[in-house]
Amino acid sequence: MARARSAERRAEILRAALEVIAERGYRGASLSTVAERVGLSQQGLLHYFPTKEALLVAVLEQRDQWDTGGGTRSDGRWRTDLLASLVEYNAMRPGIVQTFSALLGESVTEGHPAREFFTHRYTQVRASMATTLRAEYGERLPGGLTPERAAPLLVAVMDGLQYQWLLDPDSVDMSVAFQDFLTLLGSPQPHDPENPPA
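As the structure is a prediction and not an experimental result, all values here were calculated from the model. (Residues numbered from 1 in each chain as written. Predicted model: local features only at pLDDT ≥ 70, side-chain atom pairs only at ≥ 80, totals over all residues. Heavy atoms only, no water.)

A.B. asks: Would you mind going over the packing of aromatic side chains with me for this structure?
C.D. replies: Here a ring pair, both rings aromatic, is described through the centre-centre distance and the interplanar angle of the planes. In the structure shown here, the tally under the stated rule is 3 aromatic pairs. Pairing Phe100 with Phe118 gives two aromatic rings, centres 5.4 Å apart and planes at 75°, and the pair type is edge-to-face. Of this pair, Phe100 sits in helix H6 (residues 94-106) while Phe118 sits in helix H7 (residues 115-137); the two residues are 18 residues apart in sequence, bridging distant segments of the chain. Judged by relative accessible area, which is 2%, Phe118 ranks as buried. With a centroid separation of 4.9 Å and 70° between ring planes, the pair formed by Phe117 and Phe118 is classed as edge-to-face. In this structure Phe117 comes out as buried when scored by relative accessible area, which is 11%. Members of the aromatic cluster, joined through ring pairs, are Phe100, Phe117 and Phe118. (Phe/Tyr/Trp six-rings, centres within 6.5 Å; stacked < 30°, edge-to-face > 60°. Helix = DSSP H or I, 4+ residues; strand = E, 2+ residues; numbered from the N terminus. Buried < 20%, exposed > 50% of the residue type's maximum accessible area, 1.4 Å probe, protein only.)

Here you go:
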């Protein structure tokens, strides 16, 4: 019973943290603000998440669970058209993208609390993307790369576009740029009734 209550409380804190991040961005998401939202003191919040970084990593883990739940098929594989939808969705939640990007940048330093999360995450994401690419293209993509060779490039484009968009959203349209990348891979594009094929 106590464990279930603790899990509920953690979930409540994560929802509040997501709200605060969405409203105030990465830097404005203070532990005290999140604690206030759930009726805890900051000390009480630290019982569940000992540091701001620990809370933010938990938020990112939760985000990944939501994202993969909506972007996979019943067999657990992503599809490139759903990846494009995910890029569009991320463009509507800059606070979460900012948190991900800021923590990712900081995590490359030794001993950072988010380093293990991102190292593990990228191992999993590269494997998942290779599976996705193999399902759509077989053992070779149109350019000749294997799915394993192309997977890190796909991940790099998705995350790199986020940095460029955060820095200059008026000049970088993540959704359009990602569709352009899928064109380079050789993915079929959605039919545009205004520009029918010749």
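A.B. asks: Looking at this model, I keep getting lost on the pattern of salt bridges. Mind explaining?
C.D. replies: Oppositely charged side chains can pair when the atoms bearing their charge come close. All told, the structure shown has 6 salt bridges when counted by the stated rule. Two residues, Arg134 and Glu139, come together in a salt bridge whose shortest N-O distance is 2.8 Å. Between Glu148 and Arg134 there is a salt bridge; the shortest N-O distance is 2.8 Å. Taken together, the residues Glu148 in helix H8 (residues 147-167) and Arg134 in helix H7 connect sequence positions 14 residues apart. One network of salt bridges, in which partners are shared, links Glu19, Glu23 and Arg37. (Salt bridge = Lys/Arg side-chain N within 4 Å of Asp/Glu carboxyl O.)

A.B. asks: Explanation requested: the confidence of the model for the protein in the structure shown.
C.D. replies: Low pLDDT means the predicted atomic positions in that stretch should not be read closely. Taken over all residues, the pLDDT of the protein has a mean of 85, while the share at 70 or more is 87%. Per-element averaging of pLDDT across the protein places helix H4 (residues 52-71) at the bottom with 76 and H8 at the top with 96. Of the regions scoring below 50 in pLDDT, residues 70-74 engages in 8 contacts with residues more than four places distant in sequence or in other chains. Here residues 188-193 is modelled with pLDDT under 50, and outside its nearest four sequence neighbours on either side it reaches 6 contacts, counting other chains as well. (pLDDT = per-residue confidence, 0-100. Contact = heavy atoms within 4.5 Å.)

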